[in-house]
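Secondary and tertiary structure notes
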Amino acid sequence: MKLSFHGAARGVTGSCYLVESAGKRLLIDCGLYQGGRELSEENVAPFGFDAAAIDFVLLTHAHLDHCGRLPLLAKRGFHGEIITTAASRELAKVVMLDSAHLQEEDARWQSRKLMRQNKDKGELPQPLYTQLDTLNCLDYFGRTAHYNQPMVIAQGITATFLDAGHILGSASIHLQIEDEGEKRSIVFSGDIGNAKRPILRDPTPPPISDVVVMETTYGDRLHKPLEPSIEELYQAIEETFRRGGNVVIPTFALERAQEILFYLRAGVESGQLRHRVCGPFLR
């Protein structure tokens, strides 16, 4: 078995891992690099492997830094099968189409800017992939994974998707591989959610394995306890309203918006938020 890293190594974005074993090549995730100009250049660069040679992609969840380069993978020659949970498939469609739309808009804006400046820059800026590329990519989504049910991916390779409790449909993936009489097991954690959250189930601990590939975005710190964080949120809202101000809460990730709305409604119903808060959205 050979394992190589093509994203999210010594970084926290662009998750993409390649497993080569039993005559097959499997990708775990194919995420977009998100950040500044340097990371954008990483997205355009070669993958580090032949996209056409990949047999399967196992997708842990639908955040852009885990699924965002799948349309590019297909654009560059991938014709294999993408396997994930039902919820991740539906969410990935929305996330990837939105990403393609933003890239097309940015390419048009950059092109108009160059033309206004009368600069000869050769070929005009192009999006990394288009909405059409994304729709083509959706054709490669195949079998649906179900939590805790082993799935034979190919001869000698079995994958079990475990609830990661991160966003709807998120999973850790436990691979069991038999190659030339040798058996190995490897866990890809994906992004793991916190326990005792109101909307999602707690993460399912994976079984003992030979190798664990762990996401460690927050591996160097401890999260503040949840209850004090909620109290701090309510206090900030109440103090702002008392001063006659408005509260704007940016949420960059799928699950954050739903969780914020849940706690805003809970605060109103419990009386901890006494002022009118986002009335139309909390009815």
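Details of the structure are given in the entry above.
Residues numbered from 1 in each chain as written. Predicted model: local features only at pLDDT ≥ 70, side-chain atom pairs only at ≥ 80, totals over all residues. Heavy atoms only, no water.

1. Re the overall build of the protein
The condition that has to hold: Strands are runs of DSSP state E lasting at least two residues, helices are runs of H or I lasting at least four, and both sets are numbered from the N terminus onward. We call a residue buried when its accessible area falls under 20% of the maximum for its residue type, exposed when it is over 50%, and partly exposed in between, using a 1.4 Å probe and counting protein chains only. In these tables, accessible area is a Shrake-Rupley quantity obtained with a 1.4 Å probe, and a residue counts as shielded only by the protein chains included in the view. In this count, Lys and Arg are taken as positive residues and Asp and Glu as negative ones, while His and the chain termini are left out. Throughout, a charge is located at the NZ atom of Lys, the CZ atom of Arg, the CG atom of Asp or the CD atom of Glu.
Along its length, the protein carries eight helices and eleven strands. Viewed in the frame of its principal axes, the protein has a C-alpha envelope of about 70 × 60 × 35 Å. Expressed as a percentage of the 283 residues in the protein, the buried residues total 42%. Accessible surface computed for the protein: about 15900 Å², of which carbon and sulfur atoms make up 52%. The protein carries 31 positive and 36 negative side-chain charges, and their two centres are separated by 6 Å.

2. Quick notes on unusual backbone geometry
Look at A8: it is not a glycine, yet its phi comes out positive at around 55 degrees. Examined against the element boundaries, A8 turns out to sit in the loop between β1 (2–5) and β2 (17–21). The backbone phi angle of A22 is positive, close to 50 degrees, even though this residue is not glycine. Positionally, A22 belongs in the loop between β2 and β3 (24–28).

3. Notes on a nonpolar patch on the surface
Filter applied, for reference: Put simply, a patch holds well-exposed residues, over 30% relative accessible area, that have no salt bridge, with like charges counted together within 9 Å and Val, Leu, Ile, Met, Phe, Trp or Tyr side chains within 5 Å. Any Lys or Arg side-chain nitrogen located within 4 Å of an Asp or Glu carboxyl oxygen qualifies as a salt bridge.
On the surface, a cluster of nonpolar side chains totalling about 270 Å² of accessible area is made up of I192, V212 and M214. Turning to its location among the elements, M214 is positioned in the loop between β11 (211–213) and α6 (226–242).

4. Remarks on the packing of α6 against helix α7 (residues 254–270)
What counts here: Fitted lines through C-alpha atoms serve as axes, helices being fitted only where they are in contact, and the angles separating the N-to-C directions of these axes extend from 0 to 180 degrees. Oblique is the label for any angle not covered by the other classes, which are roughly parallel (under 35 degrees), roughly antiparallel (over 145) and roughly perpendicular (65 to 115). By definition, any crossing whose near helix is turned counterclockwise from its far helix by less than a right angle is left-handed, and any crossing with a clockwise turn is right-handed. Contacts are assigned to residue pairs with any non-hydrogen atoms lying within 4.5 Å of each other. In this classification, the charged set is Asp, Glu, Lys and Arg, the nonpolar set is Ala, Val, Leu, Ile, Met, Phe, Trp, Tyr, Cys and Pro, and all remaining amino acids, among them Gly, are polar.
With their axes 11 Å apart at the nearest point, α6 and α7 run at an angle of 70 degrees to one another. On the basis of the axis angle, α6 is roughly perpendicular to α7. The way α6 lies across α7 gives a crossing that is right-handed. Facing L226, I230, L233, Y234 and I237 of α6, the residues of α7 in contact are I260, Y263, L264, A266 and G267. Residues that form the contact of α6 with α7 fall into these classes: nine nonpolar, one polar and no charged.

5. As for the sheet that holds strand β8 (residues 157–163)
Convention followed: At least two bridges found by DSSP between two strands is the condition for calling them paired.
Strand order in this open sheet of five strands is β7-β8-β9-β10-β11, and the pairing throughout is mixed. Looking along the sheet, the strands with just one partner apiece sit at the ends: β7 (151–154) and β11. Averaged over all neighbouring strand pairs, the angle between strand axes comes to 25 degrees, with direction disregarded. Where strand β9 (residues 171–179) lies against strand β10 (residues 182–188), seven bridges are found, and the strand directions are antiparallel. By the bridge assignment, I173 is partnered in β10 with F188.

6. Comments concerning the packing of aromatic side chains
Selection rule: Any pair of Phe, Tyr and Trp rings, taking the six-membered ring for Trp, is counted once the centres come within 6.5 Å. Such a pair is stacked with planes under 30 degrees apart, edge-to-face with planes over 60 apart, and tilted for the rest. Charges are assigned to positions over rings by a cutoff of 6 Å between ring centre and Lys NZ or Arg CZ, combined with an angular limit of 35 degrees from the ring normal.
Applying the stated criterion to the full structure yields five aromatic pairs. For the cation-ring pair, R76 lies above F47, with the distance from its terminal atom to the ring centre recorded as 5.1 Å.

7. Here we look at the sheet that holds strand β5 (residues 81–85)
Strand order in this open sheet of six strands is β1-β2-β3-β4-β5-β6, and the pairing throughout is mixed. With partners counted over all chains shown, the strands left at the sheet margins are β1 and β6 (141–145), one partner each. For this sheet the average axis-to-axis angle between neighbouring strands, irrespective of direction, equals 25 degrees. Two elements, β3 and strand β4 (residues 56–58), share three bridges in a ladder whose sense is parallel. Note on β4: the bridge partner recorded for L26 is F56.

8. With respect to a positive patch on the surface
Side chains of R37, R112, K113 and R116 sit close together on the surface and give a patch of like positive charge. Sort the elements by how many residues they give to the positive patch and helix α4 (residues 86–116) lands first, with three residues. Structurally, the position occupied by K113 is in helix α4. In this structure K113 comes out as partly exposed when scored by relative accessible area, which is 32%.

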